[in-house]
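# Secondary and tertiary structure notes
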Amino acid sequence: MAESLDLLDRISGVDRVARIQREWARERPDVDVRPQGVIGRLHRLGAYITEELCVVYRKYGLGEGDFDVLAALRRAGAPYERAPGELAEHTMVTTGAMTKRVDRLEHAGLVSRRVSESDGRGRVVALTPAGRVLIDRAFSEHMANERRLLDVMTGDEVEQLESLLAKWLAATEGARG
């Protein structure tokens, strides 16, 4: 039976999320399953996009967090450095994970650490010349990869989606404080 549904869905163009919604609607007609259409697809797309982005990161010997740290340092502008706490604020990496990432990147010769000139107790993490070359190359390829992922939509569709996602994210982040 499940194989028949899979085949029917593929032939009719119904994706997995629509099939799941249809099954829940049949089993629980008292529950509005429409939110699953958005959330389920975002969840599946998020996993797929992460996979596709990691291909580029791996090509440069980086993980997601490594790329994020190097990118945050590069975005800081010359002299391409930030304090570890500031790095955590500008990335998706927690302060606990930051130390491990910086250790790994320092070992690879992509960043250096030094004592802060303004606060002798604090540290500063900086891109090395090799780190800057690497992140510039990886970022260029990363942006081309993101463009490729969005090319299934028109420019207007991308703008509309970005606007909707920005609105939703702002409301969600605002609700979390």
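Owing to the predicted nature of the structure, the values given are computational and were not obtained by experimental measurement. Along each chain, the written sequence defines residue order, and numbers are assigned to residues from 1. With pLDDT at 70 or above as the cut-off, local features in this predicted model cover only qualifying residues; side-chain atom pairs require 80 or more to be listed or tallied, and sums for whole chains, interfaces and linings still use all residues. As a convention, hydrogens and water are excluded, and side-chain values are obtained from all of the structure's heavy atoms.

### Let's talk about the overall build of the chain
The line we're drawing: Only DSSP runs of H or I reaching four residues or more are called helices, and only runs of E reaching two or more are called strands; each is numbered from the N terminus. C-alpha atoms define the radius of gyration, and 2.2 Å times the number of residues to the power 0.38 defines the globule rule. For every residue, the accessible area (1.4 Å probe, protein chains only) is compared with the maximum for its type, and the residue is labelled buried under 20%, exposed over 50%, or partly exposed between those bounds. Here a residue-residue contact requires only that any non-hydrogen atoms of the pair lie within 4.5 Å. Only the protein chains shown count as cover for residues, and the accessible areas themselves come from Shrake-Rupley with a 1.4 Å probe. In this count, Lys and Arg are taken as positive residues and Asp and Glu as negative ones, while His and the chain termini are left out. Lysine's charge is taken at NZ, arginine's at CZ, aspartate's at CG and glutamate's at CD.
Looking only at helices and strands, the chain has 8 helices and 3 strands in total. The secondary structure elements of the chain, listed N-terminal to C-terminal, are α-α-α-α-β-α-α-β-β-α-α. On C-alpha atoms alone, the chain measures out to a radius of gyration of 22 Å, which is more than a quarter above the 16 Å that the 2.2 N^0.38 rule sets for 177 residues. Each principal axis of the C-alpha atoms in the chain carries an extent, and together these give about 65 × 35 × 35 Å. Out of the 177 residues in the chain, the part that is buried amounts to 28%. Pairs at least 24 residues apart make up 46% of the contacts formed inside the chain by residues separated by at least 6 positions. Accessible surface computed for the chain: about 12,300 Å², of which carbon and sulfur atoms make up 57%. Taking the 27 positively charged and 29 negatively charged side chains of the chain as two groups, their mean positions are separated by 3 Å.

### Some remarks on a negative patch on the surface
Just so we agree on the cut-off: Exposure above 30% relative accessible area and the lack of any salt bridge qualify a residue for a patch; like charges then connect within 9 Å, and the nonpolar side chains Val, Leu, Ile, Met, Phe, Trp and Tyr within 5 Å. In what follows, salt bridge is the name for a side-chain nitrogen of Lys or Arg lying within 4 Å of a carboxyl oxygen of Asp or Glu.
A cluster of acidic residues, Asp156, Glu157, Glu159 and Glu162, forms a negative patch on the protein surface. With respect to the helices and strands, Asp156 occurs in helix α8 (residues 155–176).

### As for helix α3 (residues 34–59)
The line we're drawing: Any helix carries an expected span of 1.5 Å times its number of residues minus one.
With 26 residues, α3 ought to run about 38 Å at 1.5 Å a step, and its terminal C-alpha atoms sit 39 Å apart, in line with that. Of all the positions in α3, only Gly37, Gly40, Glu52, Leu53, Cys54, Val56 and Tyr57 are classed as buried. In this structure, the buried side of α3 is in contact with α2 (16–27), α4 (64–75) and α7 (129–150).

### Points about the confidence of the model for the chain
To keep things clear, this is the line we draw: Confidence of the prediction at every residue is given by pLDDT, a number between 0 and 100.
Mean pLDDT for the chain: 89, with 91% of residues reaching 70 or above. Ranking the elements of the chain by mean pLDDT puts helix α1 (residues 2–12) last, at 49, and α7 first, at 98.

### Structural notes on the layout of surface pockets
What counts here: In this analysis a 1.4 Å probe is tested at points of a 1 Å grid over the protein atoms alone, and where it fits but cannot get out there is a cavity; an open set with protein on both sides within 12 Å along at least five of seven lines is a pocket; lining residues have an atom within 4 Å of a point. Grid points are joined across faces, edges and corners, and a volume is the space filled by probe spheres set on the points. In the scheme used here, Gly and all other residues not listed as nonpolar or charged are polar, with Ala, Val, Leu, Ile, Met, Phe, Trp, Tyr, Cys and Pro taken as nonpolar and Asp, Glu, Lys and Arg as charged.
In this structure, the largest pocket spans a volume of roughly 1,600 Å³. Considering the residues around the largest pocket, the lining is formed by 30 residues, among which Gly46, Ile49, Leu53, Glu146 and Leu165 are closest to the centre. Taken together, the residues of the lining of the largest pocket break down into 20 nonpolar, 4 polar and 6 charged.

### A look at the side chain of Asp68
With respect to the helices and strands, the residue Asp68 is situated in helix α4. Comment: no salt bridge for buried Asp68; closest opposite-charge side chain is Arg75, at 4.8 Å. Excluding its chain neighbours within four sequence positions, the residues that come into contact with Asp68 are Thr91, Met92 and Val93.

### A word on the sheet that holds strand β3 (residues 123–127)
Using the following cut-off: Here, a strand pair is defined by DSSP locating no fewer than two bridges between the strands.
Read from one edge of the open sheet, 3 strands run β1-β3-β2, paired in antiparallel fashion. The sheet is open, and its two borders are formed by β1 (81–82) and β2 (111–115), each paired with just one other strand. With 5 bridges joining them, β2 and β3 adopt antiparallel strand pairing. Looking at the pairing, Ser112 lines up with Ala126 of β3.

### Observations regarding the nonpolar core
One broad rule of soluble globular proteins: the nonpolar side chains tend to lie buried together. Stated formally: Working definition of a nonpolar core: buried Ala, Val, Leu, Ile, Met, Phe, Trp, Tyr and Cys residues. They are joined through side-chain atoms within 4.5 Å.
The biggest cluster of nonpolar side chains holds 27 residues, and the ones touching the most others in it are Leu62, Leu70 and Leu87. Broken down by secondary-structure element, the contributors of at least two residues to this core are α3, α4, α5 (84–89), α6 (95–107), β3 and α7. Element by element, the count of residues in this core is highest for α4, at 6 residues. Discounting residues that sit within four places of it in the chain, Leu70 has contacts with Leu62, Leu105, Leu110, Val111, Leu127, Leu134 and Ile135.

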